[in-house]
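Okay, here's what each chain looks like letter by letter:
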Amino acid sequence: MSQPNPDLFDQENCALLAAQAVYNIEAGAADTYRTALGELISCYDQLLRQTRRLVRRSDRQEFEMNQLNHRLADLANELEYRATHDSLSGALNRAAVIERAQHFLARSDMAMIVLDIDHFKQVNDSFGHPVGDTIICGVVDCLQRTLQTPGEIGRVGGEEFTVILPQQNYLQAQQIAEHMRAAIAERDFALPDASRITASFGVSWMPAGADFGTAYSEADEAMYEAKRSGRNRVIRADQLLRA
Ligand SMILES: Nc1nc2c(ncn2[C@@H]2O[C@H](COP(=O)(O)OP(=O)(O)OP(=O)(O)O)[C@@H](O)[C@H]2O)c(=O)[nH]1
């Protein structure tokens, strides 16, 4: 049960009641005294009632203002989410990936994985664009489930994704990419012909202070080498440089 609101004017109300009692009892007092007291009582009574009404109105407006502030904060969060995320898969969008990667690289070393779904055009052509869309969401789900360390997953192009991994060395990033590759290859995407989906991966590693463009182009080049050499595999950029 809710508590009744405390009367802010309890003291004034008591004074008013006492004055009213005096006014009623002292019937024989001088007329001027009684008239003045009567006016005082009436004005004071009206003042109390109006002030109570104003306090109630102000409480209501404060409540409404708080509700509007909450709604505004929710909308700001929603706007921020929409500005930074891909609406189909929920992964970060390209601009947000660049921004976060630059943020990490300004502070620490960072590994980057670039992956691209294999023969995706064929999936779209065979089963239609909506089925292709479910594959994109399924691939992002595989990446999210596999990523156990701090990092960010982004969709940087149609069927191309990026995973940024702060403070992970080449070997750790390669192992994460391998787990992701296996998770996609093993997942049943429920395609009508029961075929499997695979993706090709490239991995780069940059020391603190490097730029996003270099990290991305090295990982992208390694990913294309993974495509050229048969798809459904992980290639590290430093393996290309040595070859
Ligand atoms: N369903 C769907 N398809 C998309 C989306 N964005 C891009 N695509 C498709 O992705 C396909 C990319 O095809 P390609 O670049 O030829 O590459 P691929 O068929 O995956 O072949 P490889 O990369 O060489 O293995 C095209 O058919 C695009 O229409 C999307 O948001 N949804």
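Counting of residues starts from 1 at the beginning of each chain's written sequence and follows it residue by residue. Per-residue local features of the predicted model are confined to residues with pLDDT of at least 70, and side-chain atom pairs are confined, for both listing and counting, to 80 or more; whole-chain, interface and lining totals are unaffected and use all residues. Working from all heavy atoms in the structure, the side-chain values ignore hydrogens and water.

1. Notes on the pattern of salt bridges
Think of it this way: side chains of opposite charge can pair up when their charged atoms draw near. Rules: Each salt bridge in this description consists of a side-chain nitrogen of Lys or Arg and a carboxyl oxygen of Asp or Glu lying within 4 Å of one another. Helix and strand definitions follow DSSP, with helices as H or I runs of at least four residues and strands as E runs of at least two, each counted in order from the N terminus.
Considering all chains together, one arrives at 14 salt bridges under this definition. Note that Glu78 and Arg82 form a salt bridge whose closest N and O atoms lie 2.8 Å from each other. Of the two residues, Glu78 and Arg82 are both situated in helix H2 (residues 31–84); the distance of 4 residues between them amounts to about one turn of the helix. One connected set of salt bridges, linked through shared partners, spans Glu99, Arg100 and Glu152.

2. A few points about the pairing of strand S2 (residues 152–155)
Heads up, the condition is: Strand pairing follows a simple DSSP-based rule, namely that at least 2 bridges must link the two strands.
The pairing of S2 with strand S3 (residues 160–166) spans 4 bridges and is classified as antiparallel. Pairing of Glu152 across the sheet is with Ile164, part of S3. The antiparallel hairpin formed by S2 and S3 contains 4 residues in its connecting segment.

3. Let's talk about helix H3 (residues 94–105)
Cut-off, in case you're wondering: Expected helix span is given by 1.5 Å per residue-to-residue step, counting one fewer step than there are residues. Buried means the residue's accessible area, taken with a 1.4 Å probe over protein chains only, is under 20% of the maximum for its type, while exposed means over 50%, and partly exposed covers the values in between. As used here, the arc is the angular range of directions from the helix axis to the C-beta atoms.
With 12 residues, H3 should reach 16 Å at 1.5 Å per residue; the first-to-last C-alpha distance of 16 Å fits that figure. Within H3 the residues assigned to the buried category are Ala96, Val97, Ala101, Phe104 and Leu105. Angularly, the buried residues of H3 cover 160 degrees about the axis, an arc narrow enough to put them on a single face.

4. With respect to the pairing of S3
Within S3, 7 of the 7 residues are buried, which leaves the element mostly enclosed by the surrounding structure. Here S3 shows no split at all, with Glu160, Thr162, Ile164 and Pro166 on one side and Phe161, Val163 and Leu165 on the other all buried. Summarising the sheet, strand S1 (residues 110–117) and S3 pair through 7 bridges and their orientation is antiparallel. Its bridge partner lying in S3, Met112 is registered against Ile164.

5. Some details on the sheet that holds S2
Short version of the rule: Between N-to-C directions, angles cover 0 to 180 degrees, with each direction set by a line fitted to C-alpha atoms, over the stretch in contact for helices. Residues count as neighbours in contact if any of their non-hydrogen atoms are within 4.5 Å of one another.
The 5 strands lie next to each other as S2-S3-S1-S4-S5, forming an open sheet whose pairing is mixed. The open sheet has two edge strands with one neighbour each: S2 and strand S5 (234–236). The sheet shows a mean angle of 20 degrees between the axes of neighbouring strands, direction not considered. Sheet contacts for H3: S1, S2, S3 and strand S4 (199–206); angle to S3, the most-contacted strand, approximately 20 degrees. Of the strands in this sheet, S1, S2 and S3 touch helix H5 (residues 129–146), which is tilted by about 150 degrees from S1.

6. So, the layout of surface pockets
Quick reminder of the rule: As defined here, a cavity is a set of points on a 1 Å grid over the protein atoms alone where a 1.4 Å probe fits but cannot get out. A pocket is an open set with protein on both sides within 12 Å along at least five of seven lines, and residues line them when an atom is within 4 Å of a point. Grid points are joined across faces, edges and corners, and a volume is the space filled by probe spheres set on the points. Under the scheme applied, nonpolar residues are Ala, Val, Leu, Ile, Met, Phe, Trp, Tyr, Cys and Pro; charged residues are Asp, Glu, Lys and Arg; polar residues are all the others, including Gly.
Size it by volume and the second largest pocket reaches roughly 160 Å³. Residue lining of the second largest pocket: Asp118, His119, Gln122, Val123, Ser126, Phe127, Leu191, Asp193, Ser195, Arg196, Ile197 and Thr198, and that is the complete set. Broken down by class, the residue content of the lining of the second largest pocket amounts to 4 nonpolar, 5 polar and 3 charged.

7. Digging into the site of the ligand
For clarity, the threshold we go by: To be near a molecule or strand, a residue needs just one of its heavy atoms within 4 Å of it. Each polar contact in these results corresponds to two N or O atoms within 3.5 Å; when the atoms are within protein, one needs to be able to donate a hydrogen and the other to accept it, and residues that are neighboring in sequence are counted only if both atoms are side-chain atoms. Reported accessibility uses the Shrake-Rupley method at a 1.4 Å probe radius. Residues are deemed covered only where the shown protein chains occlude them.
Around the ligand, 16 residues are found, and the nearest of them are His119, Phe120, Asn124, Asp133 and Arg155. A distance of 2.8 Å separates an oxygen atom of the ligand from a polar backbone atom of Lys121. Contact between the ligand and Asp133: a nitrogen atom at 2.7 Å from a side-chain N or O atom of the residue. Protein burial of the ligand: of its 670 Å² of free accessible surface, 67% is covered by the chains. Put simply, the parts of the chain that give the shell around the ligand at least two residues each are S1, helix H4 (120–127) and H5.

8. A closer look at H5
In an α-helix, one turn spans 3.6 residues; hence positions three or four apart end up facing the same way. In a regular helix each residue adds 1.5 Å, so 18 residues correspond to 26 Å; H5 covers 26 Å between its end C-alpha atoms and thus fits that length. All of the buried residues along H5 are Gly132, Ile135, Ile136, Gly138, Val139, Val140, Cys142, Leu143 and Thr146.

9. Things to note about a positive patch on the surface
What counts, and what does not: Only residues whose relative accessible area exceeds 30% and that take part in no salt bridge are eligible for patches, with like-charged residues grouped when within 9 Å of each other and nonpolar side chains (Val, Leu, Ile, Met, Phe, Trp, Tyr) grouped when within 5 Å. A positive count includes Lys and Arg, and a negative count includes Asp and Glu. His and the chain ends are not counted in either. Positions of charges follow a simple convention, taking NZ of Lys, CZ of Arg, CG of Asp or CD of Glu.
Residues Arg53, Arg56, Arg57 and Arg60 make up a contiguous surface patch of positive charge. Mapping Arg56 onto the fold places it in helix H2.

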